[in-house]
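Per-entry structural report
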Amino acid sequence: MKMESQLAQIGSQVDPETGAVSCPVYQATAFRHPKLGQSTGFDYSRTKSPTRAVLEEATAQLEKGDAGFACSSGMAALQTVFAYFSQGDHLIVSLDLYGGTYRLLERIMSRFGVSASYVDTNDIDDMTAALQVNTRALLIETPTNPLMMITDLERACSWAKSKGLLSIVDNTLLTPYLQRPIELGADIVVHSATKYLGGHNDVLAGLIVTKGEELSSEMAILHNSIGAVLGPQDSWLLMRGMKTLALRMERHEYNATTIAEYLLEHPAVEDVYYPALPHHPGHDIQKRQASGNTGIFSFRLKDARYVEPVLCHIRLIAFAESLGGVESLMTYPAVQTHADIPEEIRRAVGVDDRLLRFSVGIEHADDLIADLEQALEAARLELEQ
Ligand SMILES: *Cc1c(COP(=O)(O)O)cnc(C)c1O
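Residues numbered from 1 in each chain as written. Predicted model: local features only at pLDDT ≥ 70, side-chain atom pairs only at ≥ 80, totals over all residues. Heavy atoms only, no water.

**Concerning unusual backbone geometry**
Most of the time, phi is negative for any residue but glycine, and the peptide bond is trans. Between T142 and P143 the backbone carries a cis peptide bond, its omega angle lying at -5 degrees. Relative to the elements of secondary structure, P143 occurs in the loop between β4 (135–141) and α6 (153–162). Omega for the bond connecting N145 with P146 falls within 30 degrees of zero, at 15 degrees, which places this linkage in the cis form. Summarising the element assignment, P146 is placed in the loop between β4 and α6. Unlike most non-glycine residues, N201 shows phi in positive territory, near 50 degrees. (Helix = DSSP H or I, 4+ residues; strand = E, 2+ residues; numbered from the N terminus.)

So this is what it looks like as structure tokens:
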């Protein structure tokens, strides 16, 4: 079955008794045992819960993995995955990393003796130089956020395999509709489902998908032991969002491409970072390994003094953190999402005070361009005074 059909049908055939087309929400935390030593498959909802199980099964299928695990947030999913490692283990991680993941590694995991090196995961020499005797895994974000750097997943995962490392991919920005890392050699996929999978800026959730029996049963133990699991109502809300994922991603990409092209021509803009644009260094790899582009891009203004008035004058576009929802949001990474990353690292990767990130929603592209146009013009007039 094509993914569009799989998505639209999530949870719609799980209750043959009533024929309910929407997945029932099972609020129960405890389940009767038919007999001593027997179980319906459900005992206690932290371990396994019926509504969450439908979401987990669907996610594993979409990502072409063997098991899915729904968590209370993307960070909870990453924490659960990091708990797979032990004191003394080392990870090689994408340089231009999500700020929260960097903070989790540097402030929390470091206290448990798990260390990380941040490198360009598209550069085999960089990764080889970072390799230590205790390196256990490679963690990749592609595209990265906010600079949209692309990693060749097939090449990176095959390098990791040859060094005996596990490959973990944060697939938040593309979703399984556009990119399936497990098919390209990854062992674990993680998501902040708060973003495109939920899609409406109204549910906080995380997902993990594992490949292979051993890894899947180990992850089930970690998921149950840590307990940062997704509740039944939020599992339902996430499935409701995922039904329209294909339609939304297509509109996000169309809008983002249209607006990226507009901004690239704008006199106040120095550059636009979006893999759909032919001048982007990751354009060809992205085209090969994914079936489309995300709805997020960043752009660098020529003058840092434009930032404040632009953020102040946008009306339809909200000045807010987060990404991946139907509503357009604009973020200032240097002071918001990436504030926890030390300035020298931020500058080295290019997250400076002239960079804005735009999560393009599904509004009409003409209205979004008009909003940008008036905000940029208002900024120009203010600076001329
Ligand atoms: C938002 C985000 C996270 C964290 O997810 P939450 O749902 O906010 O906890 C992790 N990785 C990426 C790439 C993200 O965008």
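After that view, the rundown keeps rolling.
**Some words on helix α8 (residues 213–226)**
Over its 14 residues, α8 runs 20 Å from end to end, which matches the ideal 20 Å to within 8%, given 1.5 Å per residue. Next to the buried residues of α8 lie α2 (50–62), β1 (67–71), α3 (74–82), β5 (166–170), β6 (188–192) and β7 (206–210). G227 occupies a position one or two residues after α8 and carries a positive phi of about 80 degrees. (Expected span 1.5 Å × (residues − 1). Contact = heavy atoms within 4.5 Å.)

**Observations concerning the pairing of β7**
Burial analysis of β7 places five of its five residues in the buried class, which makes it a mostly covered element. Side-chain alternation along β7 places G206, I208 and T210 on one buried face and L207 and V209 on a second face that is also buried. As paired elements, β1 and β7 share five bridges and run antiparallel to each other. Across the sheet, the residue bridging to A67 is T210, located in β7. (Buried < 20%, exposed > 50% of the residue type's maximum accessible area, 1.4 Å probe, protein only. Pairing = 2+ DSSP bridges.)

**Re the nonpolar core**
In this structure, L7, L55, Y177 and L238 are the most contacted members of the largest nonpolar core, which totals 34 residues. Going through the elements one at a time, α1 (3–8), α2, α7 (175–178), α9 (232–242) and α10 (245–265) are the ones with two or more residues in this core. Broken down by element, this core gets its largest block of residues, four residues, from α2. Leaving out residues up to four positions away in the same chain, L55 has contacts with A70, L207, L230, S235, L238, M239 and M242. (Core = buried A, V, L, I, M, F, W, Y, C linked by side-chain atoms within 4.5 Å.)

**Digging into the packing of α3 against α8**
Relative to each other, α3 and α8 sit at 120 degrees, their axes nearing to 9 Å. When the axes of α3 and α8 are compared, the pair comes out oblique. Seen from above, α3 lies across α8 with right-handed handedness. Counted together, Q79, T80 and V81 of α3 and M219, L222, H223 and I226 of α8 form the full contact between these two elements. Classifying every residue of the contact of α3 with α8 gives four nonpolar, three polar and no charged. (Axes fitted to C-alpha atoms, helices over the stretch in contact; angles between N-to-C directions. Parallel < 35°, antiparallel > 145°, perpendicular 65-115°, else oblique. Left-handed = near helix turned anticlockwise from the far one by under 90°. Nonpolar A, V, L, I, M, F, W, Y, C, P; charged D, E, K, R; others polar.)

**Considerations on the side chain of T142**
In this fold, T142 is placed in the loop between β4 and α6. Separated by 2.9 Å, the side chain of T142 and the backbone nitrogen of T151 make a polar contact. Once you skip the residues sitting within four places of it in the chain, T142 turns out to touch M149, I150, T151, L153, D170, L174, Q179 and Q289. (Polar contact = N/O pair within 3.5 Å; in protein donor to acceptor, adjacent residues only side chain to side chain.)

**Looking at the site of the ligand**
The environment of the ligand is formed by S73, G74, M75, L78, Y98, D170, T172, S192, T194, K195, L204 and A205. Taking T194, its side chain carries an N or O atom lying 2.7 Å from an oxygen atom of the ligand. Starting from 380 Å² of accessible surface for the ligand in isolation, the protein chains cover 93%. Considering each element in turn, the shell around the ligand owes the most residues, three residues, to α3. (Near = heavy atom within 4 Å. Areas by Shrake-Rupley, 256 points an atom, 1.4 Å probe, with all protein chains shown as cover.)

**Points about α10**
With 21 residues, α10 should reach 30 Å at 1.5 Å per residue; the first-to-last C-alpha distance of 30 Å fits that figure. Within the span of α10, buried status applies to L245, A246, R248, M249, H252, N255, A256, T257, I259, A260, Y262 and L263.

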